[in-house]
Amino acid sequence: MLKNYLKTALRFIRHNKVFASINMLGLSIALAASFIILLYVINELSYDHCHKNRKEVYRVVNYYKDFKKTMAGTPYILAKAIREEFPQIESSVRARYMRGLRLKAKDNTFTVPDAMATDSQIFDIFSLKLISGGGNANILDDRNSIVLSKDLSAKIFPGEDPVGKEIMAYINNSDVIMVVKGVFENLPVNSTFRASCLVNSKWTIDPINKSFNVTNTESSWDKDFWTTWIKLSKGTSPTNLEKQFRAFEKKNISEDPHNEYSLQNLSDVYLHSEDVMNSGIGGNINNVRLFSAIALLIVLVAAINYIILSTAVSSDRGKEIGIRKTFGAHNNNIRKQLLSESIILAALVLPVALILMRLSLSYAGKLFETKLSIINSNIPIYISVYVVVTILIGTISGIYTSAYLSRLKVMAILKNATHTGKRKQYFRSALIVIQLVIFCSFVSGTLIIRSQYKYVLKKDMGYYTNDILIIDLGSDFKGYTAYINTIKASPNIIMAAGVMDGLPMEGSMSSMYSHFQDKEKKVEVEGLAVDYNFIKTMGIEILQGREFSQDFGSDLTGSCMLNEKAVKNLGITDPIGKKLGNATIIGVVKDFNLHSLHRNIPPMSIHMTDKYIMQVVVHYKPGTIDNVLPFLEKEWKKEVPDRPFHFETIENTIIDLYSSEKNLSTIVSIFAFFTLIIAASGLFGLILFVARSRTKEIGIKKVFGSSGKSIVISFLKNNFILVLTAGVISIPVTLYFMNKWLSNFAFKVSINGWIFLAGFVIAAVVVLLTVFVQSFKASRINPVKALRYE
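Throughout what follows, the structure given in this document is the object of discussion. Predicted model, so just to flag it, every value in this text is computed and none were measured.

**Here's the deal with the nonpolar core**
Most often, soluble globular proteins keep nonpolar side chains buried together rather than apart. Ranked by size, the top nonpolar core spans 118 residues in total, and within it Leu528, Phe534, Phe592 and Ile606 carry the most contacts. The element best represented in this core is helix α2 (residues 17–45), accounting for 15 residues. Apart from residues lying up to four places away in sequence, phenylalanine 592 is in contact with Met461, Gly462, Tyr463, Leu503, Leu528, Ile540, Ile601, Met604 and Ile606. Counting 22 residues, the second largest nonpolar core, distinct from the first, contains Ile146, Ile156, Val180 and Val199.

Structure representation (structure tokens):
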């Protein structure tokens, strides 16, 4: 039976080449576009599926009651204490990245940006496969142990087995001899736990001790700088375990702890950590939903195209169906045949769609801000989903047409009544309107996203956003002051200063202070740690008092500056000279955007530091960057010849901050273009078939004196009404979704009416031009030939 359906479908395609070509064009574009999106969606949803124990693996997260914020950071001691307290926890480890780790072998130095300090049980929790070395039970217990990934091992020891060999490591500002204890298989790209090498967790203790001038970090409960991973016994309820944490917190932290621990399953870490600060690698579940919806709309447009054209050529199929019914064919048989034709047509374009998808992957990856790679473990999922989507689009496309045509009566067919009546015409018009609503919404949405993108790039942030270089120092850069003093001597450099995390700041650090008028009220104030001259370098306006100065010895440890919002929220009158905690307020700055424009300007305190300077900001004279950069790099090499020179301009930093918005506008505009191509091609075919079916009507009109112009106008008028209807309907649809999207920004543009007009005009031009071409040909037909047309 399938063979007969295939033969019938191929014969129909051969005899209806225009219909088949237009539908195959629309289906191939729709499938290729949806396949690209589905590749992204599948890859995002499959994160951490590479870890076989993921259902039992949890991250311990830390909720700060005072700040009402959840952080990924936990104390070093937690991993051991929680495992000893709760027998249902099989394994637990702490993990923290070792920034600045460098490995030396045979006169070559290798910087390892993702070295992880952790414990031996990490191999029990995550699916880390040892391909060389002994058992993993105690592999990291020795302080000088190191385990390399397969790729890193091949770089450092090409063609050799490194197990048992010594390697020099630059760690915590000193050279240490490490012993390679094993090599593990490279972690898959869809793993949130990523590392090129593993070292003992104790290497992370000394840096924290030095930073806070303490000696008890290993046993302290208030230094939350590690991620704690645990593996539960099968059948353990994480909810019940969380309830037991309350007593555990009182026992170990205090009778009234200011934080609460809870569990987050490994499967939720990547896509559901938007409310977890400092979470690390993460995706965006909203993007997954958005792009899935776009894929669905593209498929819907292609399916509508098929239905529109199928109903348009129904008169040609009528005779075939009438003959088959005369010879005894049942409605069910005809319905199956017609449905199989649409599925077979979709299946025929599947290879074309896959080729188009493969050719577009590299460009699409840039737009999605991720590498759209084909993950081997996901191949069965890709195949299953792609086949299902192909069958689905074929089924959706053919289900209405098969049901409609199979119900036709033989007498109605013989009377040539299959295309008369307004019901079918209204149905086709409604489908065209749906296509155009989708297109107009895409266009208007693109213009709104682009307007917001331009707005955030041009908005006054309250500091210099031009002619600023940001130099990355890395950790423990002892000579940054000498470096700043040297580069300030250049005539092309206006000012330079150090900062912990430059503007716009991506991280966050907050403190709670009592309100100056109502002592029971607590106010959250964000912090910015800077060095001398930072305010001047960035052009931040001082409204009262002064900035930090070396002329005042107390500024380094005992002074702070506030922004306007902090003064207001804390209820301070005449702030200069007042105390905020242990610091004296020496100045008030004008409010500026500490973070991106997604977030409001927070109450802010600016403090001095000389321990945590991670960046140097350089304000240079306009037009001198070509001279400034070689000078900065030359002086850098004098100070730290073994460290790479990394810099970024503030312009590029801000552009990168909003790259997702830029790429989203491009993605939506591309899919708007695809929608327009599919809709326009379908409309082209529809007008072709409608003009053919109205050949006699056009001939009679011309005999009775109608001009070609009036015939063309009648076609244009009907379709203009459809475009106008779609344009009006698209306005509330677009407003609903774009207002939800704009709610992600604290500072946003207003939506102007010209945006909707632009979408309408583009749709009108394309539709009316398509209609004009076909209607103009139809209007020029010879009346004599038209009256003879069968």
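**Quick word on unusual backbone geometry**
Here the amide bond leading from leucine 503 into proline 504 is cis, since omega sits at -10°, within 30 degrees of zero. Within the element layout of this structure, proline 504 appears in the loop between β17 (493–499) and β18 (510–514). Unusually for a residue other than glycine, lysine 106 sits at a positive phi of about 50°. Relative to the helices and strands, lysine 106 resides in the loop between β5 (101–105) and β6 (108–112). Residues other than glycine seldom take positive phi values, yet aspartate 574 does so here, at roughly 50°.

**With respect to the environment of valine 176**
Within the element layout of this structure, valine 176 appears in strand β11 (residues 174–184). Note: C-alpha distance between valine 176 and leucine 103 (73 residues apart in sequence) is 9.6 Å. For valine 176, the residues in contact, after removing those within four places along its chain, are Asn144, Ile167, Met168, Ala169, Ile171 and Trp203.

**Topic: the side chain of histidine 595**
Within the secondary structure, histidine 595 is located in the loop between β23 (583–589) and β24 (604–608). At 2.9 Å, the side chain of histidine 595 and the side chain of glutamate 526 are in polar contact. Setting aside residues no more than four positions away along its own chain, histidine 595 makes contact with Met461, Pro504, Met505, Gly507, Ser508 and Glu526.

**Quick word on the pattern of salt bridges**
Going through the model one piece at a time under the given rule, you end up with 17 salt bridges. Members of the salt-bridge network, linked through shared partners, are Lys106, Glu160 and Lys165.

**Some details on the pairing of β17**
When you tally the buried positions in β17, you get six out of seven residues, the bulk of the element. With six bridges connecting them, β17 and strand β25 (residues 615–620) associate as antiparallel partners. Paired with alanine 496 across the strands is valine 618, a residue of β25.

**So, the environment of glycine 539**
Inspection of the secondary structure assignment puts glycine 539 in the loop between α16 (534–538) and β20 (542–545). Distance from glycine 539 to tyrosine 464, taken between C-alpha atoms, is 5.7 Å for residues 75 residues apart in sequence. Once residues within four sequence positions are removed from consideration, glycine 539 is found in contact with Gly462, Tyr463 and Tyr464.

**Looking at the pairing of strand β16 (residues 468–472)**
Of all five residues making up β16, four are buried, and the element is well covered by its neighbours. As defined by bridge partners, β16 adjoins β25 across five bridges and the pair is classed as antiparallel. The residue of β25 that forms the bridge with isoleucine 470 is valine 617. As paired strands, β16 and strand β26 (residues 646–649) are joined by four bridges and run antiparallel to one another. Note on β26: the bridge partner recorded for leucine 469 is threonine 649.

**What about a nonpolar patch on the surface?**
A cluster of nonpolar side chains, Ile374, Ile379, Ile383, Val387 and Ile391, forms an exposed patch at the surface whose accessible area comes to about 390 Å². Mapped onto the secondary structure, valine 387 falls in helix α12 (residues 379–406).

**Considering the packing of helix α3 (residues 78–85) against helix α7 (residues 238–252)**
Put simply, α3 and α7 touch, their axes get as near as 12 Å, and they point 120° apart. Taken together, the axes of α3 and α7 lie oblique to each other. Considering only the axes of α3 and α7, their crossing is right-handed. Along its contact with α3, which presents Leu78, Ala81, Ile82 and Glu85, the element α7 presents Phe245, Phe248 and Lys251. Per-class residue counts for the contact of α3 with α7 are five nonpolar, no polar and two charged.

**Some remarks on the packing of aromatic side chains**
According to the stated counting rule, one finds 24 aromatic pairs in the structure shown. With a centroid separation of 5.6 Å and an interplanar angle of 45°, the aromatic rings of phenylalanine 212 and phenylalanine 225 are classed as tilted. You can see phenylalanine 212 sitting in helix α6 (residues 205–212) and its partner phenylalanine 225 sitting in strand β13 (residues 224–232), a full 13 residues away along the chain. Its relative accessible area of 37% is what places phenylalanine 212 among the partly exposed residues. Aromatic side chains tyrosine 382 and tyrosine 386 sit 6.4 Å apart centroid to centroid with 20° between the ring planes, which places their arrangement in the stacked category. In this pair, tyrosine 382 and tyrosine 386 both sit in helix α12, four residues apart, roughly one turn of the helix. Residue class for tyrosine 382 comes out buried when judged on its relative accessible area of 5%. Residue tyrosine 386 is classed as buried on the basis of its relative accessible area of 7%. Joined through ring pairs, the aromatic side chains of Tyr76, Phe212, Phe225 and Trp226 make up one cluster.

What counts, and at which threshold
- Residues numbered from 1 in each chain as written.
- Predicted model: local features only at pLDDT ≥ 70, side-chain atom pairs only at ≥ 80, totals over all residues.
- Heavy atoms only, no water.
- Core = buried A, V, L, I, M, F, W, Y, C linked by side-chain atoms within 4.5 Å.
- Buried < 20%, exposed > 50% of the residue type's maximum accessible area, 1.4 Å probe, protein only.
- Helix = DSSP H or I, 4+ residues; strand = E, 2+ residues; numbered from the N terminus.
- Contact = heavy atoms within 4.5 Å.
- Polar contact = N/O pair within 3.5 Å; in protein donor to acceptor, adjacent residues only side chain to side chain.
- Salt bridge = Lys/Arg side-chain N within 4 Å of Asp/Glu carboxyl O.
- Pairing = 2+ DSSP bridges.
- Patch = residues over 30% accessible without salt bridge, like charges linked within 9 Å, V, L, I, M, F, W, Y side chains within 5 Å.
- Areas by Shrake-Rupley, 256 points an atom, 1.4 Å probe, with all protein chains shown as cover.
- Axes fitted to C-alpha atoms, helices over the stretch in contact; angles between N-to-C directions.
- Parallel < 35°, antiparallel > 145°, perpendicular 65-115°, else oblique.
- Left-handed = near helix turned anticlockwise from the far one by under 90°.
- Nonpolar A, V, L, I, M, F, W, Y, C, P; charged D, E, K, R; others polar.
- Phe/Tyr/Trp six-rings, centres within 6.5 Å; stacked < 30°, edge-to-face > 60°.

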